[in-house]
Amino acid sequence: MAYDDLRSLLRALEREGDLKRVKAEVDPYLEVGEIVDRVQKAAGPALLFENVKGSAMPLAMNVFGTDRRLLKALGLKSYGEISDKIGGLLRPELPHGFVGVREAFGKLGAMTHVPPKKVKDAPVQEVVLTGDDVDLDRLPALFTWPQDGGSFFNLGLTHTKDPESGIRNLGLYRLQRHDRRTIGMHWQIHKDSRNHYQVAARRGERLPVAIAFGCPPAVTYASTAPLPGDIDEYLFAGFIAGKRIEMVDCRTVPLQVPAQAEVVIEGWLEPGEMLPEGPFGDHTGFYTPQEPFPALKIDCVTMRKRPLLQSIVVGRPPTEDGPLGRATERFFLPLLKIIVPDIVDYHLPEAGGFHNCAIVSIDKKYPKHAQKVMHAVWGAHMMSLTKLIVVVDSDCDVHDLHEVAWRALGNTDYARDLSVVEGPVDHLDHASYQQFWGGKAGIDATKKWPEEGYTRDGGWPDMVLSDPDTAAKVDRRWKEYGL
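Scope of this entry: the structure provided in the associated data block. (Residues numbered from 1 in each chain as written. Predicted model: local features only at pLDDT ≥ 70, side-chain atom pairs only at ≥ 80, totals over all residues. Heavy atoms only, no water.)

## Things to note about the overall build of the chain
Check the secondary structure of the chain and you find 13 helices and 24 strands. In terms of overall size, the chain behaves like a compact globule, its C-alpha atoms giving a radius of gyration of 24 Å where 483 residues would be expected to give roughly 23 Å. Summarising the internal contacts of the chain: among those between residues at least 6 apart in sequence, 71% fall at separations of at least 24. Approximately 21300 Å² of the chain is accessible, and the part contributed by carbon and sulfur atoms is 53%. Separation of charge centres in the chain, based on 58 positive and 67 negative side chains, amounts to 4 Å. (Helix = DSSP H or I, 4+ residues; strand = E, 2+ residues; numbered from the N terminus. Rg over C-alpha atoms; globule rule 2.2 N^0.38 Å. Contact = heavy atoms within 4.5 Å. Areas by Shrake-Rupley, 256 points an atom, 1.4 Å probe, with all protein chains shown as cover. Lys, Arg positive; Asp, Glu negative; His and termini not counted. Charge placed at Lys NZ, Arg CZ, Asp CG, Glu CD.)

Below, the structure is given as structure tokens:
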């Protein structure tokens, strides 16, 4: 099973030599970011900074920086374990499309060990600060890159509820610390919490918000998962963890947060109260610009008696986003197959920020099948933001980028096999000529059929492959060659 809280995971990592305590004083202004970025790119250990300048709170970094550590945190041996569990929920008679996804999660919700459970006493409320005692400067926020617009909390799990439906949302958004009691909420245009804020503003109401830091690993992962808006992330977290997540009522807002979190900040968003947020060195590897975003006033901070904070460094890949993105890619393959049943496998390369590129393999059954799949992917929930789709045959390993490139560069006539369209793109996309929408491309790198207009003499050529008998012989005699 997954670890119940962050600190028990850190203890386990330390026992295994996969966590390094940094006792020297470190500056959250640029220095911590530089250290962590170097360690991440070297696939180094998790880090616990015990002496962060300006804060008495230790700072845990790079906790999910390798696949091994994320799997350990979630109690898994491979990402395929969750894929298989999800696949087991998907009855053959489930309809395709988003109805099928929701029916699958409805079945999940009937499992008694999955839904969250409410508790009265919680470690995260051992200390309660209100009024003038609230001081966000006590929390180690990071100024990571030279052109950042300020200091940010990068792993605060934001809780909101739809004012009309009451449906909860858990999301992961960057949070700029404007002053000791104000946080900037970077809610992108496609995010559910932003929709909650807009509904509240339309009704002339303020929106309650709670942000939790240092949460149980399954909860932290679930906050990053691209779930449909009416699916509870805590239901999914319990499914991953194999047990119910303990929740506690907040002290000053009508929301619940993980009882085993390290720190929680609570506040209200007033309609129309905005402040400039950013720039920020983002996971794309480029700075996102300064824009106005809602400003959250903090009324209450609760925490453990000896709390620690968890954060991440994002920037030019690879970063800690890598394992989190790979987990999502594997976990959601069965659900994507409900929406697009033609898919055999898919891969979202980290170099593309996961959402910019999708490599999809299909068992081609008819002419222009690849183009049909491209458009189906562009219509599949958050996959709609994908800018490049490469479709290959099922005998191509989508995770082998060398093989994919060989197919994409050699199997295409770009006058016929390149589809260019326009559609929504990620809020953070800097390459589109205007914000929120831009050009997209699909590459049909499959074997072409005569029915698709491939009329060359002899048809599509065979691939160059070894003779099977000779290959087996060489395998048997390999040691004899002394190579």
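## Some thoughts on the pattern of salt bridges
Taken as a whole and assessed by the stated rule, the structure comprises 38 salt bridges. Linking R7 and E262 is a salt bridge whose minimum nitrogen-to-oxygen distance equals 2.7 Å. Note that R7 is positioned in helix α1 (residues 6–15) and E262 in the loop between β13 (256–258) and β14 (263–269), a separation of 255 residues in sequence. Residue classification places E262 among the buried residues on the basis of a relative accessible area of 0%. Members of the salt-bridge network, linked through shared partners, are E16, D18, R68, R69 and K72. (Salt bridge = Lys/Arg side-chain N within 4 Å of Asp/Glu carboxyl O. Buried < 20%, exposed > 50% of the residue type's maximum accessible area, 1.4 Å probe, protein only.)

## Focus on the side chain of D37
Topologically, D37 is positioned in helix α2 (residues 31–41). A polar atom in the side chain of D37 sits 2.7 Å from the side chain of K41. (Polar contact = N/O pair within 3.5 Å; in protein donor to acceptor, adjacent residues only side chain to side chain.)

## Some words on the sheet that holds strand β21 (residues 357–362)
If you trace the 5 strands from one edge of the open sheet to the other, you get β20-β21-β22-β24-β23, paired in mixed fashion. The sheet is open, and its two edges are formed by β20 (343–347) and β23 (418–424), each paired on a single side. If you compare each strand with its neighbour and ignore which way they point, the axes differ by 20° on average. Where helix α12 (residues 401–410) meets the sheet, it contacts β20, β21, β22 (388–393) and β24 (437–444), and its direction lies at approximately 90° from that of β22. (Pairing = 2+ DSSP bridges. Axes fitted to C-alpha atoms, helices over the stretch in contact; angles between N-to-C directions.)

## Regarding the side chain of S193
Following the sequence through the fold, S193 ends up in helix α6 (residues 192–202). On the basis of relative accessible area, S193 is assigned to the buried category, the value being 0%. In this structure the side chain of S193 is engaged in a polar contact, spanning 3.1 Å, whose partner is the side chain of T160. A distance of 3.3 Å separates a polar atom in the side chain of S193 from a polar atom in the side chain of Y173. In this view, S193 contacts T160, N169, Y173 and W187; residues no more than four positions away in its chain are not counted.

## Some remarks on the nonpolar core
Membership of the largest hydrophobic core comes to 79 residues, with the highest contact counts inside it found for L10, Y221, F236, F331 and F332. It is helix α8 (residues 233–241) that provides the largest number of residues to this core, a total of 7 residues. Apart from the residues within four sequence positions on either side, Y221 is in contact with L74, F236, I240, L324, A327, T328, F331 and F332. Of all hydrophobic cores here, the second largest spans 39 residues; its members include F49, V52, W145 and A200. (Core = buried A, V, L, I, M, F, W, Y, C linked by side-chain atoms within 4.5 Å.)

## With respect to the sheet that holds strand β12 (residues 246–249)
Backbone-to-backbone hydrogen bonds join strands into a sheet, with any given pair of strands oriented parallel or antiparallel. One open sheet accounts for 3 strands, arranged β4-β12-β13; its pairing is mixed. Two strands lie at the open edges of the sheet, namely β4 (117–118) and β13, each paired on one side alone. Pairing geometry for β4 and β12, over 2 bridges, is parallel. The partner of K117 across the bridge, within β12, is E246.

## Considerations on the packing of aromatic side chains
Each pair of aromatic rings is reported with the distance of its centres and the angle of its planes. Tallied over the entire structure, the rule returns 12 aromatic pairs. Seen in terms of ring centroids, W478 and Y481 are 5.9 Å apart; in terms of plane orientation they differ by 80°. Their pairing is edge-to-face. W478 gets classed as partly exposed once you look at its relative accessible area, which sits at 43%. Residue classification places Y481 among the partly exposed positions, given a relative accessible area of 32%. These aromatic residues form a ring-pair network of at least three members: Y79, Y221, F236, F239, F331 and F332. Over the ring of W268 we find R206; its NZ or CZ atom is 4.0 Å from the centre of that ring. (Phe/Tyr/Trp six-rings, centres within 6.5 Å; stacked < 30°, edge-to-face > 60°. Lys NZ or Arg CZ within 6 Å of the ring centre and 35° of its normal.)

## Some remarks on the environment of A431
Relative to the assigned elements, A431 resides in the loop between β23 and β24. Residue classification places A431 among the partly exposed residues on the basis of a relative accessible area of 41%. Separated by 120 residues in the primary sequence, A431 and S311 place their C-alpha atoms 27 Å from one another.

## Describing α2
Residues of α2 that are buried: V32, G33, V36, D37, V39 and Q40. One side of α2 carries all its buried residues, which in axial view fall inside an arc of 165°. If you follow the buried residues of α2, they end up packed against β2 (46–49) and β3 (59–61). Of the residues flanking the end of α2, it is A43, one or two places downstream, whose phi is positive at about 55°. (Arc of directions from axis to C-beta.)

## So, the environment of G315
Inspection of the secondary structure puts G315 in the loop between β19 (309–310) and α9 (321–331). On the basis of relative accessibility, which here comes to 4%, the residue G315 falls in the buried class. For G315, the residues in contact, after removing those within four places along its chain, are W145, D282, H283, T284 and G285.

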